[in-house]
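Chain residues, written in single-letter form:
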Amino acid sequence: MKCKTIVNLFNSDSQYICTISVQSSRIRFKPLNSNNKFPCDNSQTNKNHKFVTFTAQTWSFWFFLNELNASLFYRQCVIKSVNELEGIPMIVVVQPHREVIDRDWNSLTRHTAWEKVELDHLLSWLSTLGGAFSALGDSKTNCAEIAGKISFYQLKLGLQFGDPLIVARSKLFVSLSLIQRGRLRLAKRIIRQQYEVAKMEEEYDPRLRKMCVGIWMKLQYAYQQRSENRKSIRMEVCNKSVGSV
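As the structure is a computational prediction, the values presented were derived from the model and not from experiment. (Residues numbered from 1 in each chain as written. Predicted model: local features only at pLDDT ≥ 70, side-chain atom pairs only at ≥ 80, totals over all residues. Heavy atoms only, no water.)

**Quick notes on the layout of surface pockets**
- Reported here for the largest pocket is a volume of approximately 230 Å³.
- If you go around the largest pocket, the residues you meet are Asp 138, Ile 179, Gln 180, Gly 182, Leu 184, Lys 218, Tyr 221, Ala 222, Gln 225, Arg 226 and Asn 229.
- Those elements that place two or more of their residues in the lining of the largest pocket are helix H6 (164–180) and helix H8 (207–244).
- Within the lining of the largest pocket, the residues separate by chemical class into four nonpolar, four polar and three charged. (1 Å grid on protein atoms, 1.4 Å probe; cavity = no way out; pocket = protein on both sides within 12 Å on 5 of 7 lines; lining within 4 Å. Points joined across faces, edges and corners; volume = space filled by probe spheres on them. Helix = DSSP H or I, 4+ residues; strand = E, 2+ residues; numbered from the N terminus. Nonpolar A, V, L, I, M, F, W, Y, C, P; charged D, E, K, R; others polar.)

Pasting the structure below:
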């Protein structure tokens, strides 16, 4: 058995496309020559050669090339079969009469993709709106409450679509609102839980872990501010009690 063989490729209009060199180790494509003609395209050559023509639809020819490229055993079988032919092999690739498309699956994937696009668009608006209220939440409690409600709506969307990363980010936004409203213990528990999630999902979204670290630093600052406020209050109480004596 020879180590390689040649298959010539044509389109449905009998126009030469390229030559496929099938070897045991690989397949190679030789494109059109400078005259855009088949290498054996002259009368003298045509008299001396016999052609064996095969017809293949585009989708079946794609599978043929894929197997040639992937399987050594398949390439060897093709080389053996082609070398046994009494002539030069020619493959004519034609368009199928009916496209092989799973229309139900196509409709499902299109609907899912559109839902994902709309979800990303909606989350972008909610993140912008929530960020604006959260920026005012440090000085205005009602703004922190509104930012928390927006984060809960984002959390609901994440649960509805089953996206764990959206759920985790939304819970972190909720914890940020809780910090601004003084509910530090609950915020601490949420941040710790989402940090564990972030370590598992770091391959898909490395930003989630950084968000946890950033909000944790804000939590530490809130605890520090609370401690300083309590100290100042105790000092004022002590000073008033000493003054009254």
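**Digging into the pattern of salt bridges**
- For the structure on display, the rule yields six salt bridges.
- Here Asp 138 and Lys 218 are joined by a salt bridge, their closest N and O atoms 3.3 Å apart. Here the residue Asp 138 occupies a position in the loop between helix H4 (103–136) and helix H5 (141–161), and Lys 218 occupies one in helix H8, the gap between them amounting to 80 residues.
- Overall, the relative accessible area of 55% leaves Asp 138 in the exposed class. (Salt bridge = Lys/Arg side-chain N within 4 Å of Asp/Glu carboxyl O. Buried < 20%, exposed > 50% of the residue type's maximum accessible area, 1.4 Å probe, protein only.)

**Observations regarding H4**
- For H4, spanning 34 residues, the distance from its first C-alpha to its last is 50 Å, which sits close to the expected 50 Å at 1.5 Å a residue.
- Burial in H4 covers these residues: Leu 119, Leu 123, Leu 126, Gly 130 and Ser 134. (Expected span 1.5 Å × (residues − 1).)

**Focus: the packing of aromatic side chains**
- Scanning all chains against the criterion turns up two aromatic pairs.
- Between the aromatic rings of Trp 62 and Phe 63, the centroid separation amounts to 5.1 Å while the plane-to-plane angle is 80 degrees, which identifies the pairing as edge-to-face.
- Assessed through its relative accessible area of 52%, Trp 62 is described here as exposed.
- Each ring, one from Phe 64 and one from Tyr 74, has its centre 6.2 Å from the other, and the planes form 70 degrees; the classification is edge-to-face. Of the two residues, Phe 64 is situated in helix H2 (residues 58–70) and Tyr 74 in helix H3 (residues 72–83); the sequence distance between them amounts to ten residues.
- Residue classification places Phe 64 among the buried residues on the basis of a relative accessible area of 18%.
- Look at Tyr 74 and you get partly exposed, because its relative accessible area is 31%. (Phe/Tyr/Trp six-rings, centres within 6.5 Å; stacked < 30°, edge-to-face > 60°.)

**Focus on H6**
- The end-to-end C-alpha distance of H6, which contains 17 residues, comes to 25 Å, matching closely the 24 Å that a straight helix rising 1.5 Å per residue would cover.
- Taking burial as the measure, the 17 residues of H6 include 13 buried ones, the bulk of the element.
- With a side-chain oxygen lying 3.1 Å from the backbone nitrogen of Leu 165, the N-terminal cap of H6 falls on Asp 163.
- Two residues or fewer after H6 comes Gly 182, characterised by a positive phi angle close to 90 degrees. (Polar contact = N/O pair within 3.5 Å; in protein donor to acceptor, adjacent residues only side chain to side chain.)

**Details of the nonpolar core**
- Grouped together as the largest cluster of nonpolar side chains are 16 residues, with contacts concentrated most on Leu 172, Ile 179, Ile 191, Leu 208 and Leu 219.
- Elements with a minimum of two residues in this core: H6, helix H7 (184–200) and H8.
- With six residues, the top contributor of residues to this core is H6.
- Once residues within four sequence positions are removed from consideration, Leu 208 is found in contact with Leu 165, Ala 168, Arg 169, Leu 172 and Ala 198.
- If you look at the next biggest cluster of nonpolar residues, it comprises nine residues, including Ala 56, Leu 65, Val 82 and Ile 91. (Core = buried A, V, L, I, M, F, W, Y, C linked by side-chain atoms within 4.5 Å. Contact = heavy atoms within 4.5 Å.)

These values are about where atoms sit, not about what they do.
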